[in-house]
Amino acid sequence: MASLGEHLNWHWKQWRHRRLARAILVTPPATIRDDGVIVFSMIGSAVLLPYLVAVKSLLHHLRRGRVVILDDGTLTAADKAVLAAQLGDPRIIAIDTIATDPCPRRDVWERLLTILDLRAQDYVIQLDSDTVTLGPVPEVAAAIDAGRSFTLLGEGDARLLPVDAFVATRRAVDPLASATHVQDASEAVLDRVAVPGRESLRYVRGCAGFAGFTRSEDGRAVAETLSLAMDRILGERQWRRWGSEQVAANFVVANDAEPVLLPYNRYFNFWNAGVPRGAAFAHFIGTYRFHGTAYLRATRDAIRQLQG
């Protein structure tokens, strides 16, 4: 359990970051391009400033794309005015307009299902607000150009594997035990899932904080098939918890054609172990976001680059 001092230090660093991030508002508006690429995020009022750092730093280095936002229900009129000024009047979708059946509701399933709808016409990049693009991202640009989906890896040694081989690598868990995390539970039974028309299924432990979904006419079919299978195998109470959407996003990307696994030494999750030399992209995981000063420094550097 964190001490009172650690708790206060975390809140102080959070306040310091918000104050630092306000400088994003005086950087030039992002250059928006209607070029078949969408940078998509689900956000609310509480993360407006970090989100602007995340999206403007990515657009600056990627040099392509327009913005679409899923409003979690908390964006105010003032927030929307800021987004319009900063991001070329992006399309903002209200979360309550997204139908999710037969998949779960909430727990960011609206985010994934909207992505799967949008990619009928465009390449869609899912971007979390707790990320910062640190430099050029040629691997992402190459994936877009090649029409290949991509994912940030959940861990450095993650691999794309047939589902039976993947399941064999996981530690033994009781998938029906309430104490078993939904990701561990569902990954333990992936070899029991079948998708019509697909003989060989694959899986990768990716991270939905940064993932690309190439254009596809599959719609929601793969995600819905997975969710219905997990309802049957695990039961709705076990499956329909926070974390199930991450598994579904991994499953969709893994079963697209030739997905790109971004090199972890350049695209990484921050676990308070420093920033790799030459890193292009950082996802500042909530548990460690305000450990040390890495997130503060990355935010400051990104804003300086945007200032020119």
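Here the structure is a predicted model, which is why all the values come from computation and not from measurement.

Peer 1: Explain the sheet that holds strand β3 (residues 91-94) to me, using residue names and the numbers behind them.
Peer 2: The strand order β3-β2-β1-β4-β9-β6-β10 describes an open sheet built from 7 strands, whose pairing is mixed. On the outer flanks of this sheet lie β3 and β10 (260-261), each paired with one strand and no other. Strand direction decides the pairing type here: strand β4 (residues 123-127) and strand β9 (residues 206-213), joined by 4 bridges, are antiparallel. Residue pairing in the sheet places Val124 in a bridge with Phe213 of β9. Running over the sheet, helix α10 (residues 244-254) touches β6 (150-153) and β9 and is turned about 40° from β9.

Peer 1: Tell me what's going on with unusual backbone geometry, and back it up with residues and numbers.
Peer 2: For the peptide bond that leads from Asp101 to Pro102, omega is 5°, which places it in the cis range. Relative to the elements of secondary structure, Pro102 occurs in the loop between β3 and α4 (109-118). With phi around 55°, Asp107 is a residue other than glycine that occupies positive phi space. Within the fold, Asp107 resides in the loop between β3 and α4. Although it is not a glycine, Val108 adopts a positive phi angle of roughly 60°. Considering the arrangement of structural elements, one finds Val108 in the loop between β3 and α4. Relative accessible area serves as the criterion here: at 10%, Val108 is assigned to the buried category.

Peer 1: I'd like a rundown of the environment of Arg202, residues and numbers included.
Peer 2: Note on placement: Arg202 falls in strand β8 (residues 202-203). By relative accessible area, Arg202 is classed as partly exposed at 24%. Remark: the alpha-carbon pair of Arg202 and Leu160, spanning 42 residues in sequence, is separated by 6.7 Å. Once you skip the residues sitting within four places of it in the chain, Arg202 turns out to touch Leu160, Leu161, Pro162, Val163, Phe251, Ala254, Asn255, Asp256, Ala257, Glu258 and Pro259. There is a polar contact of 2.9 Å between the side chain of Arg202 and the backbone oxygen of Ala254.

Peer 1: Talk me through the nonpolar core; I want residue IDs and the actual numbers.
Peer 2: Counting 56 residues, the largest nonpolar core has Leu87, Ile125, Val140 and Phe210 as the members making the most contacts within it. The leading source of residues in this core is helix α2 (residues 48-62), at 10 residues. Counting residues in hydrophobic clusters, the runner-up holds 44 residues, among them Leu161, Val195, Tyr203 and Val253.

Peer 1: Break down the pattern of salt bridges for me, with residues and values.
Peer 2: Tallying each qualifying case throughout the model produces 20 salt bridges. For Arg171, the salt bridge identified is with Asp184, shortest N-O distance 3.4 Å. With Arg171 in the loop between α6 (163-169) and α7 (182-187) and Asp184 in helix α7, the pair connects residues that are 13 residues apart, well separated along the chain. The exposure class assigned to Arg171 is exposed, which follows from its relative accessible area of 59%. A single network of salt bridges, built from pairs that share partners, joins Glu155, Arg170, Arg171, Asp184, Glu187 and Arg205.

Peer 1: Any chance you could break down the sheet that holds strand β5 (residues 131-133) for me, citing the residues and the numbers?
Peer 2: In space, the 3 strands of this open sheet follow the order β5-β12-β11, with mixed pairing throughout. Each of the sheet's edge strands pairs with one partner strand only, and the pair in question is β5 and β11 (267-269). Each strand of the sheet is rotated relative to its neighbour by a mean of 10°, with strand direction disregarded. In this structure, β11 lies alongside strand β12 (residues 281-283), joined through 3 bridges in parallel fashion. Note that in β12 the partner of Tyr267 across the bridge is Phe281.

Conventions and cut-offs
- Residues numbered from 1 in each chain as written.
- Predicted model: local features only at pLDDT ≥ 70, side-chain atom pairs only at ≥ 80, totals over all residues.
- Heavy atoms only, no water.
- Pairing = 2+ DSSP bridges.
- Helix = DSSP H or I, 4+ residues; strand = E, 2+ residues; numbered from the N terminus.
- Contact = heavy atoms within 4.5 Å.
- Axes fitted to C-alpha atoms, helices over the stretch in contact; angles between N-to-C directions.
- Buried < 20%, exposed > 50% of the residue type's maximum accessible area, 1.4 Å probe, protein only.
- Polar contact = N/O pair within 3.5 Å; in protein donor to acceptor, adjacent residues only side chain to side chain.
- Core = buried A, V, L, I, M, F, W, Y, C linked by side-chain atoms within 4.5 Å.
- Salt bridge = Lys/Arg side-chain N within 4 Å of Asp/Glu carboxyl O.

Geometric descriptors of this kind do not, in isolation, establish any biological role.
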